[in-house]
Every structure is written in C-alpha cells, then in structure tokens.
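This is what each chain is made of:
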Amino acid sequence: MANQGGGPPPAAQIPTSFGHELRACLRCRLVKTYDQFRESGCENCPFFQMDDDHERVVDCTTPNFTGIISVMDPTRSWAARWLRIGRFVPGCYTLAVSEALPHEMQNICEEERIPYVPPKRV
C-alpha cells in the first residue's frame, strides 16, 4: 500500500464500536465492524470486493480473534513489523485469528499475486 503523494498514508476506518459486531479480515487482520466491512470493504484487501458482495464479508472476516493493537505508523512500528503488518495502512489490527481464509479466497490472493500466510496451528 504505497503512498505516492509523500504525505501521511491513508488510514483504515477505526471501529465505531467495540462490541460483538467486530470482525477481523482473515488475510490482513484489520479489525472493523461488520457494517464497516460491508460499506467500504477492507482497505488492505480491495481485491476481495467486500463492499460489492456482502457474502464476502462473512467469507473473508471472522469474529473469532485474539487482542487488538492500534497502529498509527506501520512502517516505523516494531510491533507492526513483528506482527507482519508493517506494509498495511494505519488502523486497528488483531494479534491473531484462529481461522484460515476459505480456499476460494486463497485462490483470489494467488491470482492477484498477493501473499497469504495461514494462521499457525497451536
């Protein structure tokens, strides 16, 4: 998500609530509400087109995740680098998801030449 203008990078929407409606993207782990994903998709994963196909919000996100971290400058944050989210837009991210992206969505990543790292099994 390179920023060509030289100014601050565009940021993801901040969750409008921190209740049970929060979901995390299964690819990049961005956290937003279901409605926010439905209305504007995932800022890091526009190729999933969640804002065009509302079923994809359910396919590409999960309510089952562990912890939340807010990242203001991913390129300079050691925590963002450690979590491997240093190339994503500023926003709220989960520390871990427990589900893998469905195979159909993994195929989209492959077609777009976008890396996908499944969650580690513990």
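- As recorded in an unreviewed UniProt entry, the protein goes by Transcription elongation factor SPT4 homolog and comes from Abeliophyllum distichum.
- Per its UniProt entry, the protein bears the Sequence similarities (unreviewed entry) comment "Belongs to the SPT4 family."
- Reading the Function (unreviewed entry) entry of the UniProt record for the protein gives the comment "May regulate transcription elongation by RNA polymerase II. May enhance transcriptional pausing at sites proximal to the promoter, which may in turn facilitate the assembly of an elongation competent RNA polymerase II complex."

### Re the sheet that holds strand β2 (residues 31–33)
Next up, step 1: Taken in spatial order, the three strands line up as β2-β1-β3 in an open sheet, and their pairing is antiparallel. Here the strands that pair on one side only, and so sit at the sheet edges, are β2 and β3 (61–62).
Next up, step 2: Of the strand pairs in this sheet, strand β1 (residues 22–25) and β2 are connected by three bridges, and their pairing is antiparallel. Across the sheet, Ala 24 pairs through a bridge with Val 31, a residue of β2.

### Things to note about the UniProt feature "domain: Spt4/RpoE2 zinc finger" (unreviewed entry) in the protein
Next up, step 1: In this structure's numbering, the residues bearing the UniProt feature "domain: Spt4/RpoE2 zinc finger" (unreviewed entry) are residues 22–98.
Next up, step 2: With 23% helix and 30% strand, the stretch residues 22–98 has end C-alpha atoms that lie 15 Å from each other.

### What to know about the pattern of salt bridges
Next up, step 1: Counting across every chain of the model gives four salt bridges.
Next up, step 2: For Asp 35, the salt bridge is made with Arg 38, and the minimal N-O distance between the two is 3.4 Å. Placement of both Asp 35 and Arg 38 in helix α1 (residues 34–40) is noted, with a separation of three residues, approximately one turn of the helix.
Next up, step 3: For Asp 35, a relative accessible area of 39% corresponds to the partly exposed category.
Next up, step 4: Arg 38 sits in the partly exposed class, given a relative accessible area of 28%.
Next up, step 5: Among the salt bridges present, the one from Arg 38 reaches Glu 39, with a minimum N-O distance of 4.0 Å.

### As for the environment of Leu 101
Next up, step 1: Secondary-structure assignment places Leu 101 in the loop between β5 (91–97) and α4 (103–111).
Next up, step 2: It is 25 Å that separates the C-alpha atoms of Leu 101 and Pro 10, two residues lying 91 residues apart in sequence.

### Re the packing of aromatic side chains
Next up, step 1: Evaluated as defined, the whole model comprises two aromatic pairs.
Next up, step 2: Aromatic side chains Phe 47 and Phe 48 sit 4.8 Å apart centroid to centroid with 65° between the ring planes, which places their arrangement in the edge-to-face category. This pair shows no difference in class: Phe 47 is buried, exactly as Phe 48 is.
Next up, step 3: Their ring planes at 15° and their centres at 6.3 Å tell us that Phe 88 and Tyr 93 sit as a pair that is stacked. Grouping residues by exposure puts Phe 88 and Tyr 93 together as buried.
Next up, step 4: When the ring centre of Phe 37 is taken as origin, the NZ or CZ atom of Lys 32, which lies over that ring, is 5.1 Å away.

Cut-offs applied
Along every chain, residues carry numbers that run from 1 in the direction the sequence is written. pLDDT decides what is reported in this predicted model: residues at 70 or higher carry local features, side-chain atom pairs at 80 or more are listed and counted, and totals for whole chains, interfaces and linings draw on all residues regardless. To obtain the side-chain values, all non-hydrogen atoms of the structure were included, while hydrogens and water were left out. UniProt positions are given in the numbering used here, feature names are shortened, and annotations may be inferred rather than shown by experiment. Each pair of strands is called paired provided DSSP finds at least two bridges between the two strands. Secondary structure is summarised from DSSP: a helix means a run of H or I of at least four residues, a strand means a run of E of at least two, and numbering begins at the N terminus for each. Salt bridges, as used here, are contacts in which a Lys or Arg side-chain nitrogen is within 4 Å of a carboxyl oxygen on Asp or Glu. Exposure is judged per residue with a 1.4 Å probe applied to protein chains only, and the accessible area is read against the type maximum: over 50% gives exposed, under 20% gives buried, and values in between give partly exposed. Two rings belonging to Phe, Tyr or Trp (six-membered ring only in the last case) form a pair when the distance between their centres is within 6.5 Å. Interplanar angles under 30 degrees mark stacking, angles over 60 mark edge-to-face geometry, and anything in between is tilted. Lysine NZ or arginine CZ positioned within 6 Å of the ring centre and within 35 degrees of the ring normal marks a charge as sitting over the ring.

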